[in-house]
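Take a look at the letters that make up each chain.
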Amino acid sequence: MTQGNVKSTKMTTFIKTVERVGNKLPDPFILFGIFAIFTLIISLILSKMGVEASFMEKGAEALTVVKIENLLTFNKLRQVVSDFPTTYVNFPSLKLVLIMMMAIGVVEETGFFDSVMRKYLLKAPKGVVTAVFIFACVNANVMSDAGVILTLTLGGVVFASIGRSPILGIMLGYAACNGGYCASLLVAGADALVAGITEQVAVDAGFHLDINPLCNYYFMAAATVVLTVVLTIFTEKFIMRLFPEEETADDSMLKKYELSDLENRGLKFGMYGFISFVIIMLTLTLPSGAFFRNAAGGFLPKSPLLSSIVVILFFLFLFIGVSYGIGIKKIASGKDVSKLLQAGAKKSAPLMVTFLTCALFMDLLNKSNILRIIAIKMAELIKAANVGPLFLLILVVILTAMMNPFMTSASTKWILLAPMVVPVFGMIGVNPAYAQLAYRIGDSATNIISPLHPAITVIIGLMAQYNSEKEKKTGKKIDEAGFGTIFSLTLPYSIVILITLTTLMIIWYILRLPIGLGVSTFI
C-alpha cells in the first residue's frame, strides 16, 4: 500500500468516525430533556455531599456562601412545574429568535438577498472576482443554510464562466460562507439566538447585563474585511495551484442567473425602503432629546436605542423586504406581508421546540445553584493558576472547534458551553460577550470540516455534475468525488480561518477595542 493510500484510508476512517458519532447524538429536544433529568439527580447527590462555594461580592463585608439546592423534593418540583410556562415564555432566545426570524423571513422569502447576490457578484470584473465572491459569501450567511447552498452553487457557475475550475468555486463558496459564519456586515437570526442564550446564563449567574444581537458586531464587521483579504490571498497564491486553468471559459450558465427587469425594479424599491428607514431612524436619534436618547441626552452606557436593537432590526428588514416585495409585485396587500412573516416564523419552529427542554434545563441549573458554584470554583482555579482572560478566550475557541465536527447545531453547543464559560468570565471581570465571541470563532472555523453538514450531499452532486461534463469534453476519466475530496479541500481553509479570526481576537483584546454595540472589555 502506498503512502498516499495510507493517508487516504486514515482520513476516510476519521471522517466516518466523526459522522457515526455525530449521527448517534439524540435530537436537541431529547438531549436537553436528558440533561434536565441529570441535573435533578446531581442536585440531590451534591446537596447530600454538602457541596458549597463562597465569594466576596462587591461592597460586601462578609463572604457570600452558595450551597447546592436539592431539587428532588415535592416543594421544589411543584415550583418547577407551576413556573414552567413562564420559564419558557421568558426565555430570552425564544423572544429574540422569533422576532428576528419573522423579519428576516420577509427579506428572504421575497428573494431580496438572492437578487442582491446575483446582481453584484455576476458582474464582478475577472481580476477581482475572487475577492468580490468571498466578500459576498461571507455576508451570505445571513440566509443561513440557504445562503450556503446559494454561494456554492453560484461559485461553480462564476468560476466556470471565467475559465477557472468550477470545483474550486464550489469549495470556496462553501468555505467562505459556512466557515466565515461569525463574520458579516449584516445581522442574522444566529446573532439573536446566541445573544439570548448568553444573556440568560449571565442573568442566572447574577450578572445583569444587556446582551443584544449587536454585541459582537464591530468585530464581525472587521472580520468580514480581514477574511476577504486573507482568503483571497490564500486562494490565489496556494489553492489555485491545485486547479489548473480550464481550456475555455463557459459563461452560458450565467444567463440562467441574470436578474429579470422585475427583480431589478424590486432592488430599486428595496433601496427606497432602506432610505426611508434611515430617515426615520435619524429623526428619532439625532435631535437633542430625541426618542432613542437617554435622560442625559446620550446613548451610552444605556439608552432606549441599545435596549431596542431587536425591534429596530425587525423594522429594518421589514422595510427592505416589503419594499422589494412590492417592487417585484409579490406583495399586493397586507395579507401578503402577514404570510411572509408567518413563513419566517415557521423556520423558527424547530428552535421553539428545542427551547422547551432547554429553558427547563437552564432553569434547573439556576435553581440548583450548580451554575454559580461551577463559576466560583473555576474562577478560583483560574486566579490560583494566574491565567489571564486571553488564555481563556483561546481555550474556548479551541474547545468549540473540537466539538463542532461532531455537533453542528450552534445553539446546542452554546447552550452546553455557556453555563461553563459565561459565569467564569463574569467572575473575573470580563464581559460575557467576549466569551460568546470566542465561541463563535471556534464554531465558524470548523463548520466546513464536519461530514454532518446538509450541504455536503449538494457539493458531491455538483462536483459529480461538473466532472461528468469535463469527462465528455476531454475524454479522460476523472476520479469520483467523495467526503475525502471535500475534507482535503476544506481543511486548509478551516485552519486559515481559525488562525486568522483567533489572531484578530487577540489583537482586539490587547488593544481593548469594543467588540460590539454597548460592550466594553471589562464589567
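Rules behind the numbers
Residues numbered from 1 in each chain as written. Predicted model: local features only at pLDDT ≥ 70, side-chain atom pairs only at ≥ 80, totals over all residues. Heavy atoms only, no water. Helix = DSSP H or I, 4+ residues; strand = E, 2+ residues; numbered from the N terminus. Rg over C-alpha atoms; globule rule 2.2 N^0.38 Å. Buried < 20%, exposed > 50% of the residue type's maximum accessible area, 1.4 Å probe, protein only. Contact = heavy atoms within 4.5 Å. Areas by Shrake-Rupley, 256 points an atom, 1.4 Å probe, with all protein chains shown as cover. Lys, Arg positive; Asp, Glu negative; His and termini not counted. Charge placed at Lys NZ, Arg CZ, Asp CG, Glu CD. Expected span 1.5 Å × (residues − 1). Polar contact = N/O pair within 3.5 Å; in protein donor to acceptor, adjacent residues only side chain to side chain. 1 Å grid on protein atoms, 1.4 Å probe; cavity = no way out; pocket = protein on both sides within 12 Å on 5 of 7 lines; lining within 4 Å. Points joined across faces, edges and corners; volume = space filled by probe spheres on them. Nonpolar A, V, L, I, M, F, W, Y, C, P; charged D, E, K, R; others polar. Salt bridge = Lys/Arg side-chain N within 4 Å of Asp/Glu carboxyl O. Core = buried A, V, L, I, M, F, W, Y, C linked by side-chain atoms within 4.5 Å.

Participant: Which parts of the structure should I look at to understand the overall build of the chain?
Facilitator: On a plain count of helices and strands, the chain comes out with 22 helices and two strands. Here the chain has a C-alpha radius of gyration of 25 Å; the compact-globule value for 523 residues is 24 Å, and the two agree. The principal-axis extents of the C-alpha atoms in the chain amount to approximately 80 × 70 × 45 Å. Within the chain, the proportion of its 523 residues that are buried is 51%. The contacts of the chain with a sequence gap of at least 6 include a subset with a gap of at least 24, amounting to 82%. Counting only carbon and sulfur atoms, one obtains 66% of the accessible surface of the chain, whose full area is about 24100 Å². Here the chain contributes 42 positively and 32 negatively charged side chains, and the mean placements of these two sets differ by 1 Å.

Participant: Could you clarify how one ought to interpret helix H8 (residues 166–179) in this entry?
Facilitator: In an α-helix, one full turn covers 3.6 residues, which means residues spaced three or four apart are oriented alike. Between the first and last C-alpha of H8 there are 19 Å, a value that for 14 residues agrees with the 20 Å anticipated at 1.5 Å per step. Two or three places before Ile 167, at the opening of H8, Ser 165 has a side-chain oxygen 3.2 Å from that residue's backbone nitrogen.

Participant: So what exactly am I meant to see when it comes to empty space enclosed by the protein here?
Facilitator: To locate leftover empty space, one rolls a probe as large as a water molecule over the atoms. Within this structure, the stated rule accounts for two cavities of 30 Å³ or more. Residue contributions to the lining of the largest cavity peak at four residues, all from helix H22 (residues 483–510). Split by residue class, the lining of the largest cavity holds eight nonpolar, two polar and no charged. Size it by volume and the second largest cavity reaches roughly 40 Å³.

Participant: Looking at this model, I keep getting lost on the side chain of Ser 161. Mind explaining?
Facilitator: Topologically, Ser 161 is positioned in helix H7 (residues 145–161). Its relative accessible area of 12% is what places Ser 161 among the buried residues. Of note is the side chain of Ser 161, whose polar atom sits 2.5 Å from the backbone oxygen of Val 158.

Participant: What's the story with the pattern of salt bridges in this structure? I'm lost.
Facilitator: If charged atoms from side chains of opposite charge come close, those side chains can pair. Tallied over the entire structure, the rule returns nine salt bridges. Between Lys 76 and Glu 69 there is a salt bridge, with the nearest N and O atoms lying 3.7 Å from each other. For Lys 76, a relative accessible area of 27% gives the class partly exposed. We note a salt bridge from Arg 118 to Asp 114, for which the minimum N-O separation is 2.7 Å. One end of the pair is Arg 118 and the other is Asp 114, both in helix H5 (residues 112–121) and four residues apart, which spans about a single turn.

Participant: Even after reading the chapter, I still don't get the environment of Asp 114, so can you show me in this structure?
Facilitator: For Asp 114, a relative accessible area of 25% corresponds to the partly exposed category. Each C-alpha atom, one on Asp 114 and one on Ala 140, is 8.9 Å from the other, the two residues being 26 residues apart in sequence. Not counting residues up to four positions away in its chain, the partners in contact with Asp 114 are Met 143 and Leu 150. Looking at Asp 114, its side chain comes within polar contact range of the side chain of Arg 118, at 2.7 Å.

Participant: Help me understand the nonpolar core in this model?
Facilitator: Generally speaking, nonpolar side chains in soluble globular proteins are found buried as a group. Formed by 157 residues in total, the largest nonpolar core has its most connected members in Met 171, Tyr 174, Phe 219, Trp 414 and Tyr 493. Ignoring anything within four residues of it in the chain, the contact list for Phe 219 reads Leu 437, Ile 441, Leu 501, Leu 504, Met 505, Trp 508 and Ile 515.

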